[in-house]
Amino acid sequence: MIGLRIARIQPPHHWHLDAIQQTFSHGIKKLIIGIGSSDKSHTPDNPFSAQERHHMIQIFLDQHNLSQHTEIYQLPDFPDDAQRLQHIADKLPAFTHIISDNPQVTDLFPDRHIIQPENRILIRASDIRQAIIDQNHTIINQFLSPEIIHYLQEIDAHNRLTKNTTIS
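Reading the values: the criteria
Residues numbered from 1 in each chain as written. Predicted model: local features only at pLDDT ≥ 70, side-chain atom pairs only at ≥ 80, totals over all residues. Heavy atoms only, no water. Helix = DSSP H or I, 4+ residues; strand = E, 2+ residues; numbered from the N terminus. Buried < 20%, exposed > 50% of the residue type's maximum accessible area, 1.4 Å probe, protein only. Contact = heavy atoms within 4.5 Å. Areas by Shrake-Rupley, 256 points an atom, 1.4 Å probe, with all protein chains shown as cover. 1 Å grid on protein atoms, 1.4 Å probe; cavity = no way out; pocket = protein on both sides within 12 Å on 5 of 7 lines; lining within 4 Å. Points joined across faces, edges and corners; volume = space filled by probe spheres on them. Nonpolar A, V, L, I, M, F, W, Y, C, P; charged D, E, K, R; others polar. Salt bridge = Lys/Arg side-chain N within 4 Å of Asp/Glu carboxyl O. Phe/Tyr/Trp six-rings, centres within 6.5 Å; stacked < 30°, edge-to-face > 60°. Lys NZ or Arg CZ within 6 Å of the ring centre and 35° of its normal.

Q: What is the right way to read the overall build of the chain from this model?
A: Each helix and strand in the chain was counted, giving eight helices and five strands. In the chain, the succession of helices and strands from N to C terminus is β-α-β-α-β-α-β-α-β-α-α-α-α. For the chain, the spread of C-alpha atoms along the principal axes amounts to about 45 × 35 × 25 Å. Every one of the 168 residues in the chain was classed for burial, and the buried ones make up 47%. Here the analysis covers contacts within the chain between residues at least 6 apart in sequence; of these, 71% occur between residues at least 24 apart. Split by element, the accessible area of the chain, about 8,500 Å² in all, is 49% carbon and sulfur.

Q: How should the layout of surface pockets be read in this particular structure?
A: Empty pockets left among the atoms are what a rolling probe the size of a water molecule brings to light. By volume, the largest pocket is sized at about 860 Å³. Contributing to the lining of the largest pocket are 32 residues, with Ile-6, Ala-7, Arg-8, Asn-102 and Val-105 lying nearest its centre. Counting residues per element, the ones that place at least two in the lining of the largest pocket are strand 1 (2-7), helix 1 (14-25), helix 3 (81-91), helix 4 (103-106) and helix 5 (125-134). The element that contributes the greatest number of residues to the lining of the largest pocket is helix 3, accounting for four residues. Within the lining of the largest pocket, the residues separate by chemical class into 12 nonpolar, 12 polar and eight charged.

Q: Sorry if this is basic, but what is going on with empty space enclosed by the protein here?
A: Per the stated rule, a full pass over the model turns up one cavity of 30 Å³ or more. Considering only enclosed or pocket space, the largest cavity measures out at about 90 Å³ in volume. Lining the largest cavity, in full, are Arg-5, Ala-7, Ile-9, Pro-12, His-16, Ile-20, Ile-33, Ile-57, Phe-60 and Leu-61. When residues of the lining of the largest cavity are traced back to their parent elements, those giving at least two are strand 1, helix 1 and helix 2 (50-63). Top element by residues in the lining of the largest cavity is helix 2. It accounts for three residues.

Q: Could you clarify how one ought to interpret the pattern of salt bridges in this entry?
A: Oppositely charged side chains can form a pair if their charged atoms are brought close together. A complete count under the given rule lists seven salt bridges for this structure. Notably, a salt bridge pairs Glu-52 with Arg-160, separated by 2.7 Å at the nearest N-O pair. Within this pair, whereas Glu-52 is found in helix 2, its partner Arg-160 is found in helix 8 (residues 157-163), the two being separated by 108 residues in sequence. With relative accessibility at 11%, the residue Glu-52 sits in the buried group. For Arg-160, a relative accessible area of 14% corresponds to the buried category. Notably, a salt bridge pairs Arg-84 with Asp-81, separated by 2.8 Å at the nearest N-O pair. Residue Arg-84 and its partner Asp-81 are both found in helix 3; the two are separated by three residues, about one turn of the helix.

Q: Explanation requested: the environment of His-54 in the structure shown.
A: You can see His-54 is positioned in helix 2. Its relative accessible area of 27% is what places His-54 among the partly exposed residues. Each C-alpha atom, one on His-54 and one on Asn-141, is 21 Å from the other, the two residues being 87 residues apart in sequence. Those residues in contact with His-54 that sit more than four places away from it in its chain are Ile-35 and Ile-72.

Q: Help me understand the packing of aromatic side chains, please; the structure alone is not making it clear to me.
A: Two numbers describe a pair of aromatic rings. These are the distance of the centres and the angle of the planes. Enumeration according to the criterion identifies one aromatic pair in this entry. Look at Phe-95 and Phe-109: their rings are 5.7 Å apart centre to centre, the planes differ by 75°, and that puts the pair in the edge-to-face class. You can see Phe-95 sitting in the loop between helix 3 and strand 4 (97-99) and its partner Phe-109 sitting in the loop between helix 4 and strand 5 (113-115), a full 14 residues away along the chain. Its relative accessible area of 4% is what places Phe-109 among the buried residues. Stacked on the ring of Phe-95, the Lys or Arg Arg-112 has its end atom at 4.3 Å from the ring centre.

This is the structure in structure tokens:
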């Protein structure tokens, strides 16, 4: 069984890890991670480039020994669902399951099995981005791995996010 999880992942945090681990507990043998909105960057909602997100996801997967069971692809936004689905069909390997709790994603694939990870870690990436702006190290350290924190420091995420303070 091969699953597809589409998410913007800005930045990867402990909920993403929990969702991935839940996916494998459902019998998924290979997980395709689609970086959503990969064509957008340096905005309040999408502050990191697709390459930066790919790099952070790879760090995250490597540190949790999940790389051998995953593949990462970039998924740009499209003006309509038909184009989005055609891009996915053309660019991604075949998959049997959708891993998402987002109806916008699950509704695109009525012919696939849906796995909805339970949200056991109540944090959103926008909350983490706000914590980076506020330099709230309690939240940052609670929900981000040290390797991701280090990478965010390397790319000066605080200053980038501070320039765009409207986070949603």
